[in-house]
Amino acid sequence: VQVDPASLTGRIEPNYPKVCGHQGNVLDIKWNPFIDNIIASCSEDTSVRIWEIPEGGLKRNMTEALLELHGHSRRVGLVEWHPTTNNILFSAGYDYKVLIWNLDVGEPVKMIDCHSDVILCMSFNTDGSLLTTTCKDKKLRVIEPRSGRVLQEANCKNHRVNRVVFLGNMKRLLTTGVSRWNTRQIALWDQEDLSMPLIEEEIDGLSGLLFPFYDADTHMLYLAGKGDGNIRYYEISTEKPFLSYLMEFRSPAPQKGLGVMPKHGLDVSACEVFRFYKLVTLKGLIEPISMIVPRRSDSYQEDIYPMTPGTEPALTPDEWLGGINRDPVLMSLKEGYKKSSKMVFKAPIKEKKSVVVNGIDLLENVPPRTENELLRMFFRQQDEIRRLKEELAQKDIRIRQLQLELRNLLNSPKNC
């Protein structure tokens, strides 16, 4: 993982310091929404790790994580921070499980075990009381995360879902996927009734994944396809036709992936309402793309910058785990966007050697994470197999001896 200041431009040296503590490929990273210098990452090495980026950026390679989280038995593909609660992190692994981590104690406290295949995407509603997931088993689910109970489930055979996003407080979900004719399409759903989508709309016949990004402040939906050079944008409304196409940003350079700047990092003086960071692999660069409302006025535009979720959490982990839901603490971008977060992450001291969730020890059969560890485990198992074979052979000899003694005893004259 490479962490650069947003102001840094130009070619970066190959030996620029990186976050490189994982023993496998990093599959997902997310910035903490309440503490600006904390990152969560997950990897093929089955671990989730928490990193603290020092003030002023990295001066040397960072190999030691602030916190290592082990609980998945296979690689971990997704991480998501809870939107209103500090230090609650969700991770989804290729073991088909979602673990909920309380970082105050550094342990998983809940396990969601309702999926039958790999989880493709996770998204929260505004207050984090509901979690929606898409899965390789072609199902869309709305889940109550603390209990793991599935509230709604759609079997998407005609619209094979890939990505999903909650549309703020509209009680709507938007999914991107593939139709039965293998064309890319989007679908809008009522979160309380997933029996049928409200609308389905064909996009095009290309093959790259469609990534949805939703801005609840402006009710704007952005669609960006992997391998595309364009980004489409739509306006979402609560009444028909629900989805109105506006325009699209065009670029000849295809994007492999996109990141998004949080709202409090936007340039409000330039009427910037959304900013993408586009990964262009052909040129080996990351290109910022700003969505700007073209206005001449120099004054603060309150209509495009309503109160927005800020950097202060609404709940503590114990409050949320205890069943409390609360809307995000809002902030004004007029003055608050320059304020730095006062929160600091304190890593817990971990002594436990087992991780028990729902009565299951998650660390009982954790696979090796490095090639050396794999070789050590292989030789240990070979020694164990050799010892067990010798023990088995000795027991066979002892059994034969006892059988002979029993036969001699039965044939002895005393028993005649």
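Remember, it's a predicted structure, so these values are computed and weren't measured experimentally.

Undergrad: Please explain the overall build of the protein as it appears in this structure.
TA: Secondary structure assignment for the protein yields 2 helices and 27 strands. The buried share of the protein, taken over its 416 residues, is 45%. For the protein, the share of sequence-separated contacts (at least 6 apart) that also reach a separation of at least 24 residues comes to 46%. Working note: accessible area of the protein is about 23,000 Å², and carbon and sulfur atoms make up 51% of it.

Undergrad: Got a minute to help me understand the pairing of strand 12 (residues 149-155) in this structure?
TA: Successive residues of a regular strand alternate their side chains across the two faces of the sheet. Relative to strand 12, strand 11 (residues 139-144) is paired through 6 bridges, and the arrangement is antiparallel. Looking across to strand 12, one finds that I143 is bridged to V150. Linking strand 11 to strand 12, which pair antiparallel, is a turn of 4 residues; within it G148 sits at a positive phi near 80°.

Undergrad: Hey, could you run me through the UniProt feature "coiled-coil region" (unreviewed entry) in the protein in this one?
TA: Taking the UniProt record as the reference, the feature "coiled-coil region" (unreviewed entry) is found at residues 385-412. A helix fraction of 96% and a strand fraction of 0% characterise residues 385-412, whose end C-alpha atoms lie 40 Å from each other.

Undergrad: Teacher, can you tell me more about a nonpolar patch on the surface here?
TA: Together, L375, F378 and F379 line one region of the surface with nonpolar side chains, adding up to about 300 Å² of accessible area. By the element assignment, F379 lies in helix 2 (residues 371-411).

Undergrad: Please explain the sheet that holds strand 11 as it appears in this structure.
TA: Whether parallel or antiparallel, the strands of a sheet pair through hydrogen bonds between backbone atoms. An order of 9-10-11-12 is seen for the 4 strands of this open sheet, with the pairing classed as antiparallel. A single partner strand is all that each edge strand has here, and the edge strands are strand 9 (119-124) and strand 12. Neighbour-to-neighbour, the strand axes of the sheet open up by a mean angle of 20°, direction not taken into account. Where strand 10 (residues 131-135) and strand 11 come together, 4 bridges link them in antiparallel fashion.

Undergrad: Help me out: how do you make sense of the pairing of strand 2 (residues 38-43) in this one?
TA: With 6 of 6 residues buried, strand 2 is to be regarded as a mostly interior element. By the alternation rule, side chains of strand 2 split into I38, A40 and C42 and I39, S41 and S43, which are all buried. Relative to strand 3 (residues 47-52), strand 2 runs antiparallel, the two sharing 5 bridges. Bridged to A40 within strand 3 is I50. Turn length for the strand 2-strand 3 hairpin, with the two strands adjacent in sequence and antiparallel, is 3 residues, and the turn residue T46 shows positive phi of about 75°.

Quick notes on the rules
- Residues numbered from 1 in each chain as written.
- Predicted model: local features only at pLDDT ≥ 70, side-chain atom pairs only at ≥ 80, totals over all residues.
- Heavy atoms only, no water.
- Helix = DSSP H or I, 4+ residues; strand = E, 2+ residues; numbered from the N terminus.
- Buried < 20%, exposed > 50% of the residue type's maximum accessible area, 1.4 Å probe, protein only.
- Contact = heavy atoms within 4.5 Å.
- Areas by Shrake-Rupley, 256 points an atom, 1.4 Å probe, with all protein chains shown as cover.
- Pairing = 2+ DSSP bridges.
- UniProt positions renumbered as here; feature names shortened; annotations may be inferred.
- Patch = residues over 30% accessible without salt bridge, like charges linked within 9 Å, V, L, I, M, F, W, Y side chains within 5 Å.
- Salt bridge = Lys/Arg side-chain N within 4 Å of Asp/Glu carboxyl O.
- Axes fitted to C-alpha atoms, helices over the stretch in contact; angles between N-to-C directions.

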